[in-house]
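# Residue-level structure breakdown
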Amino acid sequence: MSGGDLNLRCAWALVDELVRAGVHHACLSPGSRSTPLALAIARHPEVEVHTYLDERASGFTALGLAKTRQRAVAIVCTSGTAAAELLPAVVEASQARVPLAILTADRPPRLRGTGANQTIDQAGLYGRFVRASLEPPVPASDEDEPGWASAGRDAIVAMTSLPIGPVHVNCPFDEPLTPGSVDLPSPGPRRERPPGPKPWEDRVTPEDVDRVAHAISGRRGVIVAGSRTWEDNGRVGHLAERLGWPMLAEPLSGLRRPGAALSAGQALLGARDWLDAHRPEVALQVGATPTARATQALVASAELIVVDVHNLDPDPEHHASVRVDAQPDDLVGAVLGRRVEPAPFGWLTEWEVADERARAALDRVLDGEPQPSGVGIARDLAAAIPAGGILLAGNSLPVRDLDLTMTPRDDLRVLGNRGASGIDGLVSTAIGAAASRRGSTYALLGDLAFVYDLGALGWAARHDPPGLTIVVVDNRGGRVFSDLPQRDLPEFEDLFLMPHEADLEALTLATGADHVSVRQASGLAVAVREPATGIRVVVVPVDPEHDRSVRARIEEAVAQAVDTLP
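The notes below deal with the structure included here. Only a predicted model underlies this, so the values are computations on that prediction, with no experimental measurement involved.

Core analysis: the biggest nonpolar cluster contains 65 residues, and Ile216, Leu239, Trp245, Trp274, Ile305 and Trp351 have the highest contact counts within it. The dominant element in this core, judged by the number of residues it contributes, is helix H13 (residues 347–367), at 8 residues. When sequence neighbours within four positions are dropped, the list of residues in contact with Trp274 reads Leu268, Glu350, Trp351, Ala354, Val562, Asp563 and Leu565. Within the second largest apolar cluster, 50 residues are counted, among which are Val90, Leu392, Ala434 and Leu454.

Printed below as a string of structure tokens:
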């Protein structure tokens with residue numbers, strides 16, 4: 001068997017093990033050294049291949065696919081700096097607990113440190129951001145195939161064990177890289193998950209259930225739901241109903257649903273006088289640490305119970321008096337089987353009445369604004385997306401605006417890159433979410449995040465584009481810093497705000513994507529009403545000072561509406 005045939009057979013053994021465990025999508029960037037891997041995934045009948053010009057975009061696209069499908073996705077690239085380009089996506093996957101199989105082609109180990117072309121030391125390249133770093137042997141005979149298959153099995157186990165996350169398989173190949181007419185084995189039988197229990201099963205102890213049940217029984221409390229990676233089956237909402245507690249659910253929690261979560265919880269927390277009179281004794285936090293500072297302050301002021309098994313640290317400031325490392329629905333399900341007393345009479349009613357008034361006050365301010373604002377765009381986009389749709393919320397202001405204004409829905413899935421919370425790769429992540437074909441896909445991004453990842457848009461818009469609508473809030477720079485202490489520095493504009501003079505409409509046209517400009521607040525719902533067939537970019541110019549004025553008026557209106565309540 002020729003060297004090229006051996007390379008392909010070994011690459012096939014690795015890929016087939018991944019496929020048997022449920023990896024059915026792979027993102028690929030071009031390269032010579034990665035030829036055996038590229039052919040293995042392309043020739044496997046159960047793999048859908050997504051090709052991207054640059055590795056950074058490929059990595060974040062795989063991230064979006066994996067988050068949306070809730071299955072591991074493979075990434076294939078060539079050697080050298082190509083592998084280094086994947087680091088930002090690997091970091092986000094690691095922090096957000098997303099399984100990715102990073103397959104980097106490499107030169108044989110004998111060439112490391114010699115100055116050989118396109119050769120760096122790739123072993124351990126991603127450090128502690130991967131759950132395992134594996135390297136099968138350089139294919140030299142058919143006796144090496146089992147080692148490559150073993151690397152595939154080890155990768156699956158590492159990806160799906162706690163903490164879930166990415167795995168790096170560094171794949172060294174010697175030349176020749178192209179095979180002859182080698183026969184490949186038939187795909188192995190499908191194995192949807194490794195043998196044994198899921199890594200988070202059997203983690204709820206009777207002692208944990210007792211501690212939580214005792215801490216919440218008969219007390220005035222709130223449930224706070226942060227971004228999550230677990231599958232919700234409604235138990236958290238049932239517990240809130242049983243206790244008579246309000247629930248503050250971030251859009252990324254998947255729990256902001258009608259009748260279960262507050263509609264204007266973030267706005268209500270800004271009404272300081274009302275909140276001072278209604279501070280909870282205890283807060284039950286499920287999922288990641290809250291995004292909004294107001295919610296962070298709320299949980300810090302109460303006796304805090306944190307329940308989560310996946311997030312990096314849902315209690316970074318160590319406020320929790322009770323910490324349970326378990327799947328929230330499993331723990332909550334066990335608590336529902338115990339006798340717990342509800343909150344004192346009237347506790348939930350007071351929150352619900354105030355929430356209704358806060359929602360009405362917020363909507364009155366936004367409905368009276370003909371000029372677009374960031375908060376208005378977030379509210380209107382979340383409401384306009386068709387049932388069953390997907391919305392990727394960008395970091396900085398978009399995810400916070402969505403938390404402030406989104407009306408509860410039970411037919412919209414909200415995603416975000418909140419592991420490391422960077423603005424890099426957000427366009428690519430949205431493209432990956434759309435490529436999953438799990439629903440009409442939309443993204444809400446700031447202008448800097450859009451410009452940062454513009455190259456991904458240029459490639460995807462011209463190569464089998466998925467149905468994706470990107471709404472860009474064009475407020476001329478990083479306006480999130482305007483609400484931070486850096487705004488008082490004399491170097492604020494040059495070093496933090498980063499005002500750009502880019503014509504986003506012209507840039508969009510250059511990529512080949514469809515373009516719509518919206519200059520009236522009422523025009524957004526019309527622009528996004530129909531799902532895109534390719535990639536559509538909706539640019540909404542926003543005056544930053546007007547935007548800040550709208551936020552201030554919402555805060556004032558909500559405070560006036562609820563402070564008169566008894």
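On we go.
Before going further, it helps to examine the sheet that holds strand E9 (residues 282–286). The sheet built from 5 strands is open, its strands ordered E8-E7-E9-E10-E11 with parallel pairing. The sheet terminates laterally at strand E8 (247–249) and strand E11 (320–324), the two strands that pair on one side only. Strand-to-strand, the axes of this sheet are offset by a mean angle of 15°, without reference to chain direction. The pairing of E9 with strand E10 (residues 303–307) spans 5 bridges and is classified as parallel. Within E10, the position partnered with Ala283 by the bridge is Leu304. The strands touched by helix H7 (residues 206–216) are E9, E10 and E11; relative to E11, the strand with the most contacts, the crossing angle is about 140°. Relative to strand E7 (residues 221–225), helix H8 (residues 235–243) is tilted by about 165°, and along the sheet it contacts E7, E8 and E9.

Working definition: an aromatic ring pair is given by the centre-to-centre distance plus the angle between the planes. The full count for this structure, using the stated rule, is 3 aromatic pairs. Taken together, a centroid distance of 4.9 Å and an interplanar angle of 85° make the contact between Trp274 and Trp351 edge-to-face. Taken together, the residues Trp274 in helix H10 (residues 272–276) and Trp351 in helix H13 connect sequence positions 77 residues apart. According to the relative accessible area criterion, Trp274 is buried, its value standing at 4%.

Omega for the bond connecting Leu162 with Pro163 falls within 30 degrees of zero, at -5°, which places this linkage in the cis form. Topologically, Pro163 is positioned in the loop between helix H6 (145–160) and strand E6 (167–172). For the peptide bond that leads from Glu175 to Pro176, omega is 5°, which places it in the cis range. Mapped onto the elements, Pro176 comes out in the loop between E6 and H7. Its identity as a non-glycine residue notwithstanding, Gln118 has a phi of 55°, on the positive side. Checked against the element boundaries, Gln118 lands in the loop between strand E4 (100–106) and strand E5 (133–134). Its identity as a non-glycine residue notwithstanding, His318 has a phi of 60°, on the positive side. Assignment of secondary structure puts His318 in the loop between E10 and E11.

Scoring rules and cut-offs
- Residues numbered from 1 in each chain as written.
- Predicted model: local features only at pLDDT ≥ 70, side-chain atom pairs only at ≥ 80, totals over all residues.
- Heavy atoms only, no water.
- Core = buried A, V, L, I, M, F, W, Y, C linked by side-chain atoms within 4.5 Å.
- Buried < 20%, exposed > 50% of the residue type's maximum accessible area, 1.4 Å probe, protein only.
- Helix = DSSP H or I, 4+ residues; strand = E, 2+ residues; numbered from the N terminus.
- Contact = heavy atoms within 4.5 Å.
- Pairing = 2+ DSSP bridges.
- Axes fitted to C-alpha atoms, helices over the stretch in contact; angles between N-to-C directions.
- Phe/Tyr/Trp six-rings, centres within 6.5 Å; stacked < 30°, edge-to-face > 60°.

Keep in mind these values describe shape, not function.
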